[in-house]
Amino acid sequence: MRRIAGLPFALALSLCCFSPPAPARAQLAIGITVNAAPPPLPVYVQPPIPAPGYIWTPGYWAWNDDTGYYWVPGTWVRPPAPELLWTPGYWGWSDGAYAFHAGYWGATVGFYGGISYGFGYTGVGYEGGYWRGGSFFYNSSVNNISNVSVTNVYNKTVVNNTTNVSYNGGTGGTAVKPTPQQLAAQGEHHVTATGEQTRHAEAAMKNPALTLANNHGHPAVAATAHAARFSGAGVVAARPGKPIAAPPPRHAQPTAEHALPTGHALPTGNAPTPGHALPTANASPAGHALPTGNALPPGHALPTAHALPSAGAHPAPAPHVAPPASRPQLVQHAPPQAHAVAHPPAPRVAQAVVRRPAPPQVSRPAPRPHPAPRPHPAARPHPAPQQHS
């Protein structure tokens, strides 16, 4: 019975695994949310189109936890397939933070926050061109196509919104809401950014000059004619303007996970960290712990091989004796040169070498013949020679 009951479940699981994935839709890009509002859009001109068949994708501010906001320059790219148009990404206020909605390719342009990116992206739809019969027709009033020969050209005046607000909702953001047509477009089949667009964005993230902290809202590379090419011909700089302050990167701010406990400052150099005792294997013998108030100055740390000096050199009042764990801090973290200065007892070592040679003299074997008075009786026969004479 268990096998029979498990068979339908296994078949259902296999169908789910081999079923085609759902089409891509407008979603948050990797769930990026930021508390600080994105900076205004820089003002720049569009570089010339490199060749027919390219479509303009506007620049935008992106976020990286290590560097903060950085600018992804606008650029010309080829669509992944004919009849597809680009819907730019945008920042939107949601649940107390600014969230980024990634752009995508689709048959129609969807909602992109009402952000006026320019060059045909007025905030609603796209006025820069359209597809017909597999060919793209360019609106010469908003596209720089003067350097190449393009036959599919038309001219239509486009009223651009002069605001450079880069986000929707929140304080100071656009108040545009998606239309029914735009909501319907969100349900259509979408294609994510091409590999060329991805390399372009990655190159921008790695370029320090494109961070808001360095360009102050006016990047020197605001737009490029070719993706991921930030120097040479076709590079356009932003117009100068008022400097914009950059919010600190997320990794530069201490978080609850990585914040140090109160009183646990990071040690500088080899200084011991308060509250971090060394292993008990190096603890001093009982009764020889140094008081916390009488810590030895740098350069006078006690060598581990020598006993502690007498109480006269380092008075240790009993009421102030620190726990044995605090004493090893001085031994572990003493500077390397401390051993050279830490041997004022060197004279004592010299005395130990002398060993007072007096003990060998204590035996004094020589004094035993000192009882030389015993041979004095031999002097008694001296009178004999006198008598003989």
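Residues numbered from 1 in each chain as written. Predicted model: local features only at pLDDT ≥ 70, side-chain atom pairs only at ≥ 80, totals over all residues. Heavy atoms only, no water.

### Section: the overall build of the chain
How we decide: Runs of H or I in DSSP of at least four residues are treated as helices and runs of E of at least two as strands, each being numbered from the N terminus. Burial classes follow relative accessibility: with a 1.4 Å probe on protein chains only, a residue under 20% of its type's maximum area counts as buried, one over 50% as exposed, and anything between as partly exposed. We call two residues in contact whenever any of their non-hydrogen atoms come within 4.5 Å of each other. Each accessible area is a Shrake-Rupley result for a 1.4 Å probe, and residues are judged covered by the shown protein chains and nothing else.
When helices and strands are counted, the chain shows 9 helices and 15 strands. In the chain, which comprises 389 residues, the share counted as buried stands at 32%. The contacts of the chain with a sequence gap of at least 6 include a subset with a gap of at least 24, amounting to 66%. As displayed, the chain has an accessible area near 23800 Å², and 61% of this comes from carbon and sulfur atoms.

### Some thoughts on the sheet that holds strand β10 (residues 129–132)
Cut-off, in case you're wondering: Should DSSP find at least two bridges between two strands, the strands are taken to pair.
Here 3 strands make up an open sheet; going across it, the order is β10-β11-β12 and the pairing mixed. Each edge of the open sheet is held by one strand with a lone partner, namely β10 and β12 (153–154). Pairing between β10 and strand β11 (residues 135–139): 4 bridges, direction antiparallel. Its bridge partner being in β11, W131 is matched across the sheet by F136.

### Here we look at helix α3 (residues 195–205)
Where we set the bar: Throughout, the arc means that of the directions going from the helix axis to the C-beta atoms.
Residues of α3 that are buried include every one of Q197, H200, A201 and A204, and no others. Viewed along the axis of α3, the buried residues span an arc of 95°, placing them on a single side of the element.

### Notes on the sheet that holds strand β5 (residues 74–77)
Spatially, 4 strands are ordered β2-β5-β14-β15 in an open sheet, and the strand pairing comes out mixed. Two strands close off the open sheet at either side, each with one partner strand: β2 (55–57) and β15 (235–236). When β5 meets strand β14 (residues 223–224), the two strands line up parallel, connected through 2 bridges. Note that in β14 the partner of T75 across the bridge is T224.

### Digging into the pattern of salt bridges
What counts here: One side-chain nitrogen of Lys or Arg within 4 Å of one carboxyl oxygen of Asp or Glu is enough to make a salt bridge.
As enumerated under the stated definition, the model contains 2 salt bridges in all. Salt-bridge contacts for K156 lead to E127; the nearest nitrogen and oxygen are separated by 3.4 Å. Residue K156 is found in the loop between β12 and β13 (167–168), and its partner E127 is found in the loop between β9 (104–106) and β10; the two are separated by 29 residues along the sequence. Its relative accessible area of 42% is what places K156 among the partly exposed residues. On the basis of relative accessible area, E127 is assigned to the partly exposed category, the value being 27%.

### Concerning the pairing of β5
A two-sided burial pattern is seen for β5, the buried positions comprising G74 and W76 on one face and T75 and V77 on the other. Pairing of β2 with β5 involves 3 bridges; the strand directions are antiparallel. Bridging across to β5, I55 finds its partner in V77.

### Side note on the pairing of strand β7 (residues 90–94)
In this sheet, strand β8 (residues 97–101) lies alongside β7 in antiparallel orientation, the contact comprising 5 bridges. Across the sheet, residue Y90 finds its bridge partner in β8, namely H101. In this antiparallel pair of consecutive strands, β7 and β8, the connection spans 2 residues, and D95 shows a positive phi of 55°. One ladder, built from 2 bridges, connects β7 with β13; its direction is parallel. Each residue of the ladder has a partner; that of G92, found in β13, is N168.

### A closer look at the confidence of the model for the chain
The condition is simple: Within a predicted model, pLDDT stands for the predictor's per-residue confidence, ranging from 0 to 100.
In the predicted model, the chain carries a mean pLDDT of 73, and 57% of its residues have values of at least 70. Within the model, the stretch residues 253–363 combines pLDDT values under 50 with 70 contacts to residues more than four positions away or in other chains. Here residues 375–389 is modelled with pLDDT under 50, and outside its nearest four sequence neighbours on either side it reaches 0 contacts, counting other chains as well.

### A closer look at unusual backbone geometry
For F119, which is not glycine, the phi dihedral falls at a positive 60°. Mapped onto the elements, F119 comes out in the loop between β9 and β10. The phi dihedral of H216 falls on the positive side, at around 55°, and the residue is not glycine. With respect to the element layout, H216 can be found in the loop between α4 (212–215) and β14. On the accessibility criterion, H216 (38% relative accessible area) is partly exposed.

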